[in-house]
Amino acid sequence: ATLLRLGILGPYEGKHSLDTAVQLPNEVLLALTDQYDNQDQLLDAFVSSSAPTTLTADSFIHRHGDLDWLVRYLGKAIEQRLCGVNVLLWGRPGTGKTEFAKVLAGAVRSRLFEVRYEDREGNPTDGAGRLRAYQLAQACFERSSGSLILFDEAEDVFPGSESLSFRESSDGYGKAWMNRVLESNPVPTLWIV
């Protein structure tokens, strides 16, 4: 069950023979066939430490009230290790949402890990792959204090997000399942659309 939850194993459909019961997603298979010096290098196949920002809270003076509120909210959530903490940042492309998320992470003194949108060869990762990477990151960082996860371009896992509605995707993820993921995540997540 844990391997399925983390997306390391794919779901088994009874209509197939037992020899196809284990469905290892390609991005997981590729990551597991490489050699690593430590677990951080393996995890880097799925999430990366966010690059530092050159901006400060003063760069977002027009969002100062939002930043102050979010710093208090996330600070309390991290301190009390609350589950189901999610922040949605939305807006037009190029308005600074990702940089705002980095400033926010710095303000709460947290390490920010970004869910990758491409594999190590530079090929794009689909929504299901990114969701598996997100679940793996949640499991890896749930015991460490002071981490935040950034899921940029969250439209990949929220089909129809123009209206912020959720339809069942071609990967079979339905609204109830996604709600459970959002309500039970142990590591606070910043979602950007």
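The structure this text deals with has already been given above.
This section reports on the structure supplied with the text. (Residues numbered from 1 in each chain as written. Predicted model: local features only at pLDDT ≥ 70, side-chain atom pairs only at ≥ 80, totals over all residues. Heavy atoms only, no water.)

### Looking at the sheet that holds strand β2 (residues 86-89)
What counts, and what does not: The rule for pairing is simple: two strands pair if DSSP sees at least two bridges between them. Helix and strand labels come from DSSP, where a helix needs a run of H or I of at least four residues and a strand needs a run of E of at least two; each type is numbered from the N terminus. Between N-to-C directions, angles span 0 to 180 degrees; the directions come from axes that are lines fitted to C-alpha atoms, helices contributing only their stretch in contact. The criterion used for residue contact is that any of the two residues' heavy atoms lie within 4.5 Å.
The sheet built from five strands is open, its strands ordered β1-β3-β4-β5-β2 with mixed pairing. Two strands in the sheet have a free side with no partner beyond their single neighbour: β1 (47-49) and β2. Along the sheet, successive strands turn relative to each other by an average axial angle of 25°, direction set aside. Strand direction decides the pairing type here: β1 and strand β3 (residues 111-115), joined by three bridges, are antiparallel. The residue of β3 that forms the bridge with Ser48 is Glu114. Contacts from helix α4 (residues 64-80) reach β2, β4 (147-151) and β5 (189-192), with the element oriented near 150° to β2. Most of the contacts of helix α5 (residues 97-107) go to β5, to which it runs at about 165°, and overall it touches β2, β3, β4 and β5.

### Here we look at the packing of helix α6 (residues 127-141) against helix α7 (residues 175-184)
What counts is decided by this rule: Relative orientations are named as follows: roughly parallel for angles under 35 degrees, roughly antiparallel for angles over 145 degrees, roughly perpendicular for angles from 65 to 115 degrees, and oblique for any other angle. Crossing handedness is defined as follows: a turn of the near helix away from the far one that is anticlockwise and smaller than a right angle gives a left-handed crossing, while the clockwise case is right-handed. In this classification, Asp, Glu, Lys and Arg are treated as charged, Ala, Val, Leu, Ile, Met, Phe, Trp, Tyr, Cys and Pro as nonpolar, and every other residue, Gly included, as polar.
Where α6 contacts α7, the axes come no closer than 12 Å and their chain directions differ by 30°. Judged by the inter-axis angle, α6 sits roughly parallel to α7. Regarding α6 and α7, the two cross each other, and that crossing is left-handed. Contacts between α6 and α7 involve Leu131, Tyr134 and Gln135 from the first element and Trp177, Met178 and Val181 from the second. The residue makeup of the contact of α6 with α7, split by class, is five nonpolar, one polar and no charged.

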